[in-house]
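Below, each chain spelled out in residue letters.
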Amino acid sequence: GALHTPSDATAEPKLAVPAMARRAATLGAIILDNCAVRLIERQAGKVSAVVTERGEIACDSVILAGGVWSRTFLENLDLELPQLAVKSSVMRTSAAPEFISGTLGAERASLRRRQDGGYTIARSGAAEFQLIPAAFHHFAAFLPIIKERWRIMKIRAGSEFFGPLGRARWKADETSPFERVRVMDPEPDQRLLASVLRDAKLLHPQLADVTITETWGGLIDVMPDELPVIDSPPGWQGLVLATGLSGHGFGIGPGVGLMAAQRVLGETMLVDASNFALARFNRKSAA
Ligand SMILES: Cc1cc2nc3c(=O)[nH]c(=O)nc-3n(C[C@H](O)[C@H](O)[C@H](O)COP(=O)(O)OP(=O)(O)OC[C@H]3O[C@@H](n4cnc5c(N)ncnc54)[C@H](O)[C@@H]3O)c2cc1C
């Protein structure tokens, strides 16, 4: 089977994300690049400051939207978040005629047409589960998703275990893992992508002549139920987690951002927030 969603919005991430940042800046946001947050300070259970690699910024609210880094960051504050990482690989092709509008998801190859006339193609759900220390700790919570996807999911055991998403502890005056690895940029799975392109050509003869022009990999932060967390941990008034977007963040990010802002401002949230509560995981300190 396949799913064709012509009315879905699509965008080029490399254009859309800087455009959103520019818009935020015109509305008053100050964007600090290359400035890792090391810790969040609190006094009497309330957020009082973030400590960055360039110094401290006093504040009474913080939204933690650290993507795949969020669990590592929270563990250093003795907070638990059942968030793991899977690697996904994607390709861009040379130009080909337009034969679909919007996005087309099929079992072996999902695609959308790009503004440059090529196609972005990947195999939905075909991910490499990273065997890091947290994977053992949260294994039971993730078992249902692993069982459901085991045919298309690889388990990757290797140097990742000791890598940046492994166990780490640091203090305010120490270099954090985020400074050592500024951007997660894992190698894409070239064998997988070659097989995805073969399948895409079988499914869509219009792609017969395309070649791969770019490939990339990325780490996706995934929660056991593939839904984000938009909530505050107990004992941390002023801290709102907006993370665990589980591979849908380009689509749902603006909604999650709005709900996180509503939470900070104490406004009614866009939709029922209970689906995004930490308590659903029913584990110590996150619950
Ligand atoms: C290959 C691939 C394909 C995808 N395709 C789609 C798709 O088709 N549709 C879709 O909706 N989603 C897709 N996604 C998922 C989407 O990219 C993510 O869900 C989304 O980017 C998550 O947004 P985020 O803001 O939570 O985290 P991120 O985008 O990861 O942003 C977190 C930011 O926080 C920064 N950060 C972390 N820790 C610190 C710190 N201590 N101090 C300072 N900064 C810090 C990081 O550097 C990063 O810039 C894809 C992801 C991958 C990897």
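Below you will find a few notes about this structure.

The rules behind the values
- Residues numbered from 1 in each chain as written.
- Predicted model: local features only at pLDDT ≥ 70, side-chain atom pairs only at ≥ 80, totals over all residues.
- Heavy atoms only, no water.
- Phe/Tyr/Trp six-rings, centres within 6.5 Å; stacked < 30°, edge-to-face > 60°.
- Helix = DSSP H or I, 4+ residues; strand = E, 2+ residues; numbered from the N terminus.
- Buried < 20%, exposed > 50% of the residue type's maximum accessible area, 1.4 Å probe, protein only.
- Near = heavy atom within 4 Å.
- Polar contact = N/O pair within 3.5 Å; in protein donor to acceptor, adjacent residues only side chain to side chain.
- Nonpolar A, V, L, I, M, F, W, Y, C, P; charged D, E, K, R; others polar.
- Domains from an automatic or database assignment.
- Pairing = 2+ DSSP bridges.
- Axes fitted to C-alpha atoms, helices over the stretch in contact; angles between N-to-C directions.

1. Description of the packing of aromatic side chains
- Applying the stated criterion across every chain yields a total of four aromatic pairs.
- Residues Trp69 and Phe178 carry aromatic rings whose centres are separated by 4.9 Å and whose planes lie at 80 degrees to one another, so their mutual orientation is edge-to-face. Of this pair, Trp69 sits in the loop between β5 (62–64) and α2 (70–75) while Phe178 sits in helix α5 (residues 177–180), placing them 109 residues apart in sequence. Taken as a pair, Trp69 and Phe178 share a single burial class, namely buried.
- Linked through ring pairs, Trp69, Phe73, Trp170 and Phe178 together constitute an aromatic cluster.

2. Focus on the site of the ligand
- What surrounds the ligand is a group of 19 residues, the closest being Val37, His248, Gly249, Phe250 and Gly251.
- At 2.8 Å, a backbone N or O of Val37 approaches a nitrogen atom of the ligand.
- In this structure, Gly247 approaches the ligand through a main-chain N or O atom, which is 3.1 Å from a nitrogen atom.
- Counting only elements with at least two residues in the shell around the ligand, the list comes to β6 (84–93), β12 (212–222) and α7 (249–265).
- Of the residues forming the shell around the ligand, the biggest block, three residues, is contributed by α7.
- Partitioning the shell around the ligand into residue classes produces eleven nonpolar, eight polar and no charged.
- Looking at which domains feed residues into the shell around the ligand, each of domain 1 (32–83 + 227–287) and domain 2 (85–171 + 181–222) gives three or more.

3. As for the sheet that holds strand β3 (residues 46–52)
- If you walk across this open sheet you meet the three strands as β2-β3-β4, and the pairing is antiparallel. For this open sheet the edge positions go to β2 (37–43) and β4 (55–58), each flanked by a neighbour on one side alone. Neighbour to neighbour, the strand axes of the sheet diverge by 25 degrees on average, direction disregarded.

The values reported here are purely geometric and, on their own, carry no functional implication.
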